[in-house]
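If you want the building blocks of each chain, they are given just below.
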Amino acid sequence: MKPFDDKVIVITGGTGSLGKVLTRRLLQKELGSPKKIIIFSRDEAKQHAMRVEYQHKRNVTDEVIYDNFARLIEFRIGDIRDYHSICSVLRDADIVINAAALKQVPSCEYFPFEAVQTNVLGPENIIRAIDENKLKVETVVGVSTDKACKPVNAMGISKAMQERIFIAANVTIPKTRFICVRYGNVLASRGSVIPLFHEQIKHGGPITITTKEMTRFLLPLQSAVDTIFAVIAGAQPGEIFVPKIPSARILDVAKALIGDRDIKLIVTGIRPGEKVHEIIVSEEEAWRTYDRGEYYAIEPMLPELLKTKPGVQALSKEYSSDYSLMTFEETVALLRKYHLMIDQEYKDEGEFLR
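Residues numbered from 1 in each chain as written. Predicted model: local features only at pLDDT ≥ 70, side-chain atom pairs only at ≥ 80, totals over all residues. Heavy atoms only, no water.

A.B. asks: Would you take a moment to explain the overall build of the chain for this structure?
C.D. replies: Within the chain, the regular secondary structure consists of 12 helices and 16 strands. Taking 2.2 N^0.38 as the reference for a compact globule, 354 residues should give roughly 20 Å; the C-alpha atoms of the chain span a radius of gyration of 20 Å, in line with that estimate. Projected onto the principal axes, the alpha-carbon positions of the chain cover approximately 60 × 55 × 40 Å. Looking at the 354 residues of the chain, the share that counts as buried comes to 55%. Restricting to contacts in the chain with at least 6 residues of sequence separation, those with at least 24 account for 80%. Of the roughly 16000 Å² of accessible surface on the chain, 54% is carried by carbon and sulfur atoms. Put simply, the chain has 48 plus and 47 minus side-chain charges, and the middle of one group is 2 Å from the middle of the other. (Helix = DSSP H or I, 4+ residues; strand = E, 2+ residues; numbered from the N terminus. Rg over C-alpha atoms; globule rule 2.2 N^0.38 Å. Buried < 20%, exposed > 50% of the residue type's maximum accessible area, 1.4 Å probe, protein only. Contact = heavy atoms within 4.5 Å. Areas by Shrake-Rupley, 256 points an atom, 1.4 Å probe, with all protein chains shown as cover. Lys, Arg positive; Asp, Glu negative; His and termini not counted. Charge placed at Lys NZ, Arg CZ, Asp CG, Glu CD.)

This is the structure we're talking about:
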């Protein structure tokens, strides 16, 4: 039996970039045939657009509500911050993928408690709902970020707390497996730098970069979903899976997209809460990080969960975005591979997600 066979899967924040690709991949039945996929989010407009797309309606005014709860893909309005709506949506869940998040670094820096409510209290609501209502949830996946590793900004701090909250829940609720994935910038996701550069280029520039030295991990959305599938299929309670991913200079990304166009580059300076280089595995975590093929698995630090693994740890130092940088040519090749160059007629996030 495959991991998703006959399972009810809840995706919180399911109308976001990750949720959309995740839903498509679940429908391909790579790891089994789900009984139901529940898209849980607070944005009714995004839910309506996604529902119309999946029901193949020609017009958004076509009736799409009447059999919502009878379909394989079910849409639920609710907020991860609200304990009661979490209790309701998790009632029949087997697998929960927590993709709901506040993820914009400057926004979280100016409104840090908003980040706490979504990225910290939201996960705690999931744990509390499972525990207090004795729910039969088998697995919870927390979607984290490289900014949670040695965090210097409010977004990263809140995501680091999400990791700790989920990992610790394995001790108090041993019947449910709580695991996490941690990865870097997702190529062309909503609000990321590549769509911004495209817009700036289409308007004749200038392109704005924060600093010429800045580097970032670059991960295709499909690889983000691969990581979630891998952690569900193979992780032990409390483990964090980290994909082995390329990194690039943001300056090289900008130059690759500009090509031979006469567009200026302007350096604006670091934004509130930004790092020059991202770290995805810290030196403190390296000693308990093991190789899992295309991924690293970070073992939990809690002694109740830590299990000795045969062999040596995979890393001896931190895994940072300024190590093993792609060359300019490799950066161009990566962007071309995922149809992100302007001359490939990239239009918007929707086209990339397909």
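A.B. asks: I tried to follow helix H5 (residues 112-132) on my own but got confused; where do I start?
C.D. replies: For H5, built from 21 residues, the straight-helix expectation of 30 Å at 1.5 Å per residue is met to within 8% by its first-to-last C-alpha distance of 28 Å. All of the buried residues in H5 are Ala115, Thr118, Asn119, Val120, Gly122, Pro123, Asn125, Ile126, Ile127, Ala129 and Ile130. Residues of H5 that are buried make contact with helix H3 (83-89), strand S4 (95-98), helix H4 (105-110), strand S5 (139-145), helix H6 (154-172) and strand S6 (177-183). (Expected span 1.5 Å × (residues − 1).)

A.B. asks: Can you walk me through the sheet that holds strand S10 (residues 240-243) in this structure?
C.D. replies: Backbone hydrogen bonds are what pair the strands of a sheet, in a parallel or an antiparallel way. Spatial strand order, S3-S2-S1-S4-S5-S6-S10-S15-S14: 9 strands in an open sheet with mixed pairing. The open sheet has two edge strands, strand S3 (73-77) and strand S14 (289-291), and neither has a second partner. Pairs of neighbouring strands in the sheet enclose a mean axial angle of 20 degrees, with direction left out of account. Bridge count for S6 against S10 is 2 bridges, and the pairing is parallel. Pairing of Cys180 across the sheet is with Ile240, part of S10. (Pairing = 2+ DSSP bridges. Axes fitted to C-alpha atoms, helices over the stretch in contact; angles between N-to-C directions.)

A.B. asks: Even after reading the chapter, I still don't get the packing of aromatic side chains, so can you show me in this structure?
C.D. replies: Inspection of every chain in the model, using the stated rule, returns 5 aromatic pairs. Pairing Phe4 with Phe229 gives two aromatic rings, centres 5.3 Å apart and planes at 70 degrees, and the pair type is edge-to-face. Placement of the pair is Phe4 in the segment before strand S1 (8-12) and Phe229 in helix H8 (residues 221-234), with a sequence separation of 225 residues. Here the two residues Phe4 and Phe229 agree in accessibility, since each one is buried. Summarising the aromatic geometry, the rings of Phe241 and Tyr295 are spaced 6.0 Å apart at their centres and angled 25 degrees between planes, so their arrangement reads as stacked. You can see Phe241 sitting in strand S10 and its partner Tyr295 sitting in strand S15 (residues 295-298), a full 54 residues away along the chain. Phe241 sits in the buried class, given a relative accessible area of 3%. On the accessibility criterion, Tyr295 (10% relative accessible area) is buried. (Phe/Tyr/Trp six-rings, centres within 6.5 Å; stacked < 30°, edge-to-face > 60°.)

A.B. asks: Would you mind going over the confidence of the model for the chain with me for this structure?
C.D. replies: The predicted coordinates ought not to be read in detail in places where the model reports low pLDDT. On average, residues of the chain score 89 in pLDDT, and 90% of them are at 70 or above. A low-confidence stretch, residues 345-354 stays under pLDDT 50, and its non-local contacts, those more than four residues away or across chains, total 28 contacts. (pLDDT = per-residue confidence, 0-100.)

A.B. asks: Is there a simple way to explain the sheet that holds strand S7 (residues 185-186) in this structure?
C.D. replies: Strand order in the open sheet formed by 3 strands is S7-S9-S11, and the pairing between neighbours is mixed. The two strands at the open ends of the sheet, each matched to only one other strand, are S7 and strand S11 (247-249). With 2 bridges connecting them, S7 and strand S9 (residues 215-219) associate as parallel partners. Residue pairing in the sheet places Asn185 in a bridge with Leu218 of S9.

A.B. asks: Quick question: what am I supposed to make of the side chain of Glu74 here?
C.D. replies: The topology assignment puts Glu74 in strand S3. A relative accessible area of 3% places Glu74 in the buried class. Within polar-contact distance, the side chain of Glu74 engages the side chain of Lys36 at 3.2 Å. (Polar contact = N/O pair within 3.5 Å; in protein donor to acceptor, adjacent residues only side chain to side chain.)

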